[in-house]
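# Fold and contact review
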Amino acid sequence: MLHLFVRRLLRCQFSQYQSIRFLKTPTWTSPPPSDSVQYLVTTCGLPLKTSVAISKTILLELESGKAHYSASQKLQLEKKRLRNLKFVLAFLRLHGFSEDHVEDFVTRVPLVSSIRVSNVQPKIQFFLDMGFSVSDVASIIVGNPFILKGSLANHLRPNLTFLVQVLHTNDRVMKVLRRWQLFFKFDFEKTVIPNVAALVDEGVSRMAVLKLFEHHPMLMIQKQEKFVKLVQWAKELGIKPTTYSFVVAIVSKCSLSSQNWQNKIEAIKSLGLTEEEVMIAFRKAPTLLRQSEEKIRKVMEFCVNTMKLEPVVLCTYPALVMYSFEERIVPRFAVIEVLKSKKLMTGETFVWAFGLPEKIFLDKFVRKHLREVQGLMEVYQQAKLGAMGDRVSEREFLFLETPSFVAVPLLHGSLIACVPLNKNIIESKEDQKVQL
């Protein structure tokens, strides 16, 4: 039956794809190509560069194998591999694969010449029956080539069926498969299914599980014992499983090595917090410890040394560490300092201003006071430029205060913003560099 199928397939391929590309004799550059390269170009319709690479790969496979073949045996095996590849490519083209898809297939699928139509046909048909487009199927196979040799009944079908049940739509499934190319390599019965059950049993919502699959699919293939420990750790930390913060905390913990996790905790503790206070902040903002150690230290040191805040403020406003240091914290603090110097802002608590959306902050703190402090918008914009510009050492600037200007230190190792209090101008950037 398979022999008859292949013969019909080749007749269809010849009638559908006889074009100039396949029938013309290519112009070779010296040295002339081998017979296998010529076969791949003229019969399989592949570009010359790709054909040369495949031909070399086939020879390497035959020479590096455990069996020792004679020259005639190698030649026969090479011809068999080339015929296999011709049949597979013909099958792909007949099922709507574009030439780009075909080239991706032959260049990215390992041992492509050893794959047979009997491996490819039922799996492609399964994806098409599940409602995936030809383009989706091509992306899935190229990204997950090992599915061509895996079991459809015992591996591919149950795994994909379960994923569709969890995510509901093929679009979401494709999003996961693009993020998680090793999806089909794991046994869901031993990892993913019991891990999902562990979350659901604790009260984690279906939507939270869905988001976890979409954004952090690799977490779901953790060994069951390790995953259950992570779930219990998040519970003992005091995070409610019904909140999305619960799964975010698990992701944060799992994404860091034990040493990296502890290093970040120690970095915060060194600035005056206890470990219990660090965990209080983490419960409020579970992505806190996924920030780099460098950024954590930089923001905390700025808050304590420049903004004169108590370290414990991190327990109340842990999101401070997540905001952009250069584009949000530094320029907003520059504006706040100017307003305080003009007595246009009273009270010691101003940290909440860093959490406002950009438009609201500008309306409430900048545009509202443009008459009293001319050039305030320029101060904000130049503070951003100064924070993102070249760093200089702390000793290279001098705190300058005159009746016309107040100097605002932007950060340790950066420029000073010379803010005009009574003039409708902003000094040039070069004039703002004050060096000892």
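Residues numbered from 1 in each chain as written. Predicted model: local features only at pLDDT ≥ 70, side-chain atom pairs only at ≥ 80, totals over all residues. Heavy atoms only, no water.

### Focus on the overall build of the protein
- When you go through the protein residue by residue, the secondary structure sums to 21 helices and two strands.
- By residue count, 45% of the 436 residues in the protein fall in the buried class.
- At a minimum sequence separation of 6, the contacts of the protein that also span at least 24 residues come to 65%.
- Carbon and sulfur atoms make up 53% of the accessible area of the protein, which amounts to about 22900 Å² in all. (Helix = DSSP H or I, 4+ residues; strand = E, 2+ residues; numbered from the N terminus. Buried < 20%, exposed > 50% of the residue type's maximum accessible area, 1.4 Å probe, protein only. Contact = heavy atoms within 4.5 Å. Areas by Shrake-Rupley, 256 points an atom, 1.4 Å probe, with all protein chains shown as cover.)

### Overview of the side chain of K295
- Mapped onto the elements, K295 comes out in helix α17 (residues 293-306).
- The side chain of K295 is buried and forms no salt bridge, while E326, the nearest opposite charge, is found at 7.2 Å.
- The contact partners of K295, leaving out residues within four places of it in the chain, are V321, M322, Y323 and S324. (Lys, Arg positive; Asp, Glu negative; His and termini not counted. Salt bridge = Lys/Arg side-chain N within 4 Å of Asp/Glu carboxyl O.)

### Remarks on the pattern of salt bridges
- Inspection of the entire model under this criterion finds 13 salt bridges.
- We note a salt bridge from K384 to E358, for which the minimum N-O separation is 3.5 Å. Taken together, the positions of K384 in helix α21 (residues 376-388) and E358 in helix α20 (residues 358-366) put the pair 26 residues apart, joining distant regions of the chain.
- The class of E358 is partly exposed, set by a relative accessible area of 32%.
- Between R367 and D363 there is a salt bridge, with its nearest N and O atoms 2.7 Å apart.
- By sharing partners, the salt bridges in this structure join E266, K269 and E275 into a single network.

### Re unusual backbone geometry
- We note that K308 has phi near 60°; this positive angle belongs to a residue other than glycine.
- Mapped onto the elements of the fold, K308 is located in the loop between α17 and α18 (313-316).
- Classification of K308 as exposed rests on a relative accessible area of 64%.
- For K343, which is not glycine, the phi dihedral falls at a positive 60°.
- Inspection of the secondary structure assignment puts K343 in the loop between α19 (325-341) and α20.

### Remarks on a positive patch on the surface
- Residues K79, K80, R83 and R116 make up a contiguous surface patch of positive charge.
- Assignment of secondary structure puts R83 in helix α5 (residues 71-94).
- You can call R83 partly exposed: its relative accessible area is 39%. (Patch = residues over 30% accessible without salt bridge, like charges linked within 9 Å, V, L, I, M, F, W, Y side chains within 5 Å. Charge placed at Lys NZ, Arg CZ, Asp CG, Glu CD.)

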